[in-house]
Amino acid sequence: MVMGSLQEETEVAIIGGGPGGYVAALRAADLGKEVTLIEERDKLGGVCLLEGCIPSKALINAVEVIESARRARDFGVTFSGLNVDLAALRQWCRSVVEGLARGVAHLLQRRGVEVVRGRARFESANLLAIEGGEVGAVKFRHCIIATGSRVQPLPHASDLPLWSSTEALQLPEIPGRLLVVGGGYIGLEIGQVYAGLGSKVTVVEAYPQLLPGADYDLVEVVVNHCREHCFEALLLESRVLAVEKSAAGFTATIEYQGETRTGEYDQVLVAVGRRPNTDTIGLEHTKIVPDKRGFIAVSPEGRTVEPHIYAIGDVTPGPMLAHKASREGKVVAEVIAEHRSAFDNRAIPAVVYTDPEIAWAGLTEREAKAEGIRVKVGKFPLRALGRARTLGRTEGFAKVISDPVSGFVLGVAMVAPHASELIAEATLALELGASLEDLLVTIHPHPTLSEAILEAAEVAAGTPVHVPAKGET
Amino acid sequence: MFEFRLPDLGEGIHEGEIIKWHVQVGDVVKADDPLVDVETDKAAVTIPSPVGGRIVRLGGNVGDTLTVGGVIAVIDDTATEARGAPKAAPPKPLVAESAPGKPAERPVPAAPATRRLARELGVDLRRVSPTGPGGRVTPEDVRRFAEGGRALAPAAPPEPARPAPPQPPAEPERAETEALGRAATAIPYLDLAPLPDFAQWGPVARQPLRSIRRKVAYKMVTSKILVPHVAHMDEADVTLLEEFRHRENERRRGQAGAHLTLLAFVIKAVTAGLRATPSFNASLDPFKDEIIYKKYYNIGIAVDTGRGLVVPVIRDTDRKSIVAISSAIEDLAKRARDGTIEVSELQGGTFTITNVGPIGGTALIPAINYPEVAILGMGRVQEKPVVREGQIVIRKMLPLTLSFDHRVADGADAARFVSEMVRELSDPNLLLLET
């Protein structure tokens, strides 16, 4: 690797230009700090923008249109010959990604953030060595580690040309038979995309449930939909023991509920998890020691054990979500500017862009049970909701989890179309310390899916309107 | 469902700290069963349950502060299911109540902006009395707390939510709290900057500021900031007094009745002094611009309980003999250390004496026990060479320091007061004749 000879000095050095790093850079620059952002890729935006959130949602949008077209038959709208021009779709996704990446670069440039291309490693607690660019080293007063995470490969098949989310989202081809290893949100979302584009998709998950962190009642709705409409097979409590190259593609040996079987697949998508990028950034030259899973512990202000070095996003414990990274980025920028800021958010929403979508924020029923917390849960099924009927999408529900005595809202979850958009209200309610009364007094527009949250709150409060009360049938 | 709220515990006590729970969620109690021990103003009170029933929720954890009117516990006192139709439970498949467990340990309900304000002002949200709907802490609550406005804002229970359009708070109230905020922070050179992270220089251990220690912190800051302290120091020749006292203690050994302490004699001398100089047996009311002279004499004695300082009060020292006073000292000190002293026994003092002599020290400058006007500090009796009629003799000398409130009394008054005391302590016969 060529190292440039230029050494620079800066006030705030940020390693990584993803949703954590670039947001921190913009906020720090606005607060008057001199900021240098170091990014190893040739485009900004991180995994989220370049090979994660954005391309996946662009593809999901396209597949949603295909699905809507198919469903439209129910309301008398038919198409003949629905075509998918893969090259055009690929090109469109790429243009979305590139447009956004250019936008981030533009924002940083106009705010006076210096962007340095290269790979940063700590030489000491005050100096970063940069490889692969024109700048050789950056001396800093404060540093923010925002290096994100990477895909974990299948340990026994790491040398095979299997797909990770990165490759799959580039849409190289539509495999006839696709094996998805891992039933978390990445595997499910991408699996559904390829199923929608024509692949026969099999999902293998080690846990007894898809989306292991989510409440089962939410997952059940999606599973039922998947079984009927998209996946060829959903294998739970199963693991992929081996993958080998074969003439057609790959042969996978799968242990399915105790039995071993093999299957032939044109392509295999590995979505078994991600690990933080903290092992190759030279942390051994600082006092920072990641834990055994690679995460860096931080205080609520985002500080590591080195008081002038901060960490945000996927390298810190907690859900690996872009919006968490962005919030942490703002907090850390404010802390560096000596504001009394801290990450004291009460809820981080989680969203799964399956069909139908799942979203939740706050306490889940699973967590309440595990911690022995007493809760009251109000559920409202979409089939009782006017808007859902007008959309022809009545599978799904909303639920509100509350404290039985005080009525405070502890958590909200939904499985419904557009759940990703609707959960923001719940997150706000949790941040404000809202009670059921606050939710059900607030006028929600009619007819919308957002009314499901209001109705679920009514149920939890004991005053249901659009579902039967106790004693009625 | 019965919500048991903390009753008024006695004169001017707004809150208490939870020391110990006698019940857990799920327990079934009878009326009058002990529910919780709450510490108020340096004494612990056991609060019994007013009803029988099942404990549904506890109002806080050990160490939390309960304000008068706040919920201590929620008790399900329904004997049968029928409690009123409006409370009918929703249909089973849609509503589930999980098995009895602990209440959710929620963070204090407060909007993000309020939380940020609390951080900036260094306020712990858990200590703020909320006035927002549903017990939410508002930014005004935080500001009021930061300005130390506890004396101004009574612990009012939150108002029930009304479907009225949101109105800004009444202007005069806002102006008042803002004005106070300016006053409170307009002290020149006052620097309330946050503390550094001490752990960066070495290991530290942390302990929450609780109970008596915390109350003393409040009292001392108030006393030292509000009262202009001046100290007058002197020494009393207690050689004769000590001879008398030791002889009497020898004589009374084995008999019922207390061992006589030097403090008892000092209390008698102080009482006589207070009668002669009423300024030191008074309180200044800054709200009404009045000095309140008390015609009764209740002397508080500072006792180190091991958990902190408490000041039990010996009432009507002008009407008690030295023997009776000595007996009262022994009894109150013992019960203060046990924690069995009553709240009422810590109240009503007009003057305080703090005696560190038994432990050691040549002199001290004590802090006035606000809202009293003066406090007497006793050091250790020491044999010292002093000059009497041109000769050096060895005498037992007792160091005395009177700290007093210069708003109410002047140095000359203090000098006269202390000189009188010194004179009376110099000869036990004078105590007999003149007090």
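Residues numbered from 1 in each chain as written. Chains lettered and ligands numbered in written order. Predicted model: local features only at pLDDT ≥ 70, side-chain atom pairs only at ≥ 80, totals over all residues.

S.K.: Describe in detail the overall build of chain B, supporting the description with residues and values.
M.R.: Counting secondary structure elements, chain B contains nine helices and 20 strands. Taking all 435 residues of chain B together, the buried fraction comes to 31%. Contacts spanning at least 24 positions in sequence make up 65% of the contacts within chain B whose residues lie at least 6 apart. (Helix = DSSP H or I, 4+ residues; strand = E, 2+ residues; numbered from the N terminus. Buried ≥ 20, exposed ≤ 12 C-beta atoms within 10 Å, placed from the backbone. Contact = placed C-beta atoms within 7 Å.)

S.K.: Would you mind going over the confidence of the model for chain B in detail, with residue names and values included?
M.R.: Residues and elements named next belong to chain B. Summing up the model confidence of chain B, the mean pLDDT is 81 and the portion of residues at 70 or higher is 81%. Per-residue pLDDT stays below 50 along residues 80-92; that stretch engages in 16 contacts with residues further than four places along the chain or on separate chains. Scored below 50 in pLDDT, residues 149-185 shows 31 contacts in the model against residues more than four places distant or in partner chains. Of the two predicted TM-score estimates for the complex, the pTM is 0.61 and the ipTM is 0.71. (pLDDT = per-residue confidence, 0-100.)

S.K.: Outline the pairing of strand 8 (residues 71-76) of chain B, supporting the account with residue identities and numerical values.
M.R.: Residue and element names in this part refer to chain B. In terms of strand pairing, strand 1 (residues 2-5) meets strand 8 through four bridges, oriented antiparallel. Bridged to arginine 5 within strand 8 is valine 71. Two elements, strand 6 (residues 53-58) and strand 8, share four bridges in a ladder whose sense is antiparallel. The residue of strand 8 that forms the bridge with isoleucine 55 is isoleucine 75. (Pairing = 2+ DSSP bridges.)

S.K.: Quick one: what's the story with the sheet that holds strand 8 of chain B, residue by residue and with numbers?
M.R.: As a general point, the strands of a sheet are linked pairwise by backbone hydrogen bonds and lie either parallel or antiparallel. Overall, antiparallel pairing links the four strands, which are arranged 1-8-6-3 (chain B) in an open sheet. In this open sheet, the two edge strands, each paired with only one partner strand, are strand 1 and strand 3 (28-29) of chain B.

S.K.: For the environment of Glu434(B), give the residues involved together with the corresponding values.
M.R.: Assignment of secondary structure puts Glu434(B) in helix 9 (residues 428-434). Spatially, the C-alpha atom of Glu434(B) lies 7.9 Å from that of Ala272(B), the residues being 162 residues apart in sequence.

S.K.: Can you break down the pairing of strand 12 (residues 250-256) of chain A residue by residue, with the values?
M.R.: Residue and element names in this part refer to chain A. With seven bridges joining them, strand 11 (residues 238-245) and strand 12 adopt antiparallel strand pairing. Note that in strand 12 the partner of lysine 245 across the bridge is phenylalanine 250. Linkage of strand 11 to strand 12, two consecutive antiparallel strands, is achieved through a turn of four residues. Alignment of strand 12 against strand 13 (residues 259-265), held across seven bridges, turns out to be antiparallel. From the neighbouring strand, threonine 253 faces strand 13, where its bridge partner is threonine 262. From the end of strand 12 to the start of strand 13, which pair antiparallel, there are two residues, and glutamine 257 there has a positive phi angle of about 50°.

S.K.: So what about the sheet that holds strand 13 of chain A? Which residues, and what values?
M.R.: All names here are of chain A. With antiparallel pairing, three strands are arranged side by side in an open sheet as 11-12-13. Because the sheet does not close on itself, it has two edges, and the strands there are strand 11 and strand 13. Across the sheet, the mean angle from the axis of one strand to that of its neighbour is 20°, orientation sign disregarded. (Axes fitted to C-alpha atoms, helices over the stretch in contact; angles between N-to-C directions.)

S.K.: Can you lay out the nonpolar core for me, pointing to particular residues and giving the numbers?
M.R.: All names here are of chain A. Of all hydrophobic cores here, the largest spans 96 residues; its most connected members are Val268 and Ile453. Once you skip the residues sitting within four places of it in the chain, isoleucine 453 turns out to touch Ala398, Val400, Val412, Leu422, Glu425, Ala426 and Leu439. Counting residues in hydrophobic clusters, the runner-up holds 54 residues, among them Leu26, Ala311, Val332 and Val335. (Core = buried A, V, L, I, M, F, W, Y, C linked by C-beta atoms within 7 Å.)

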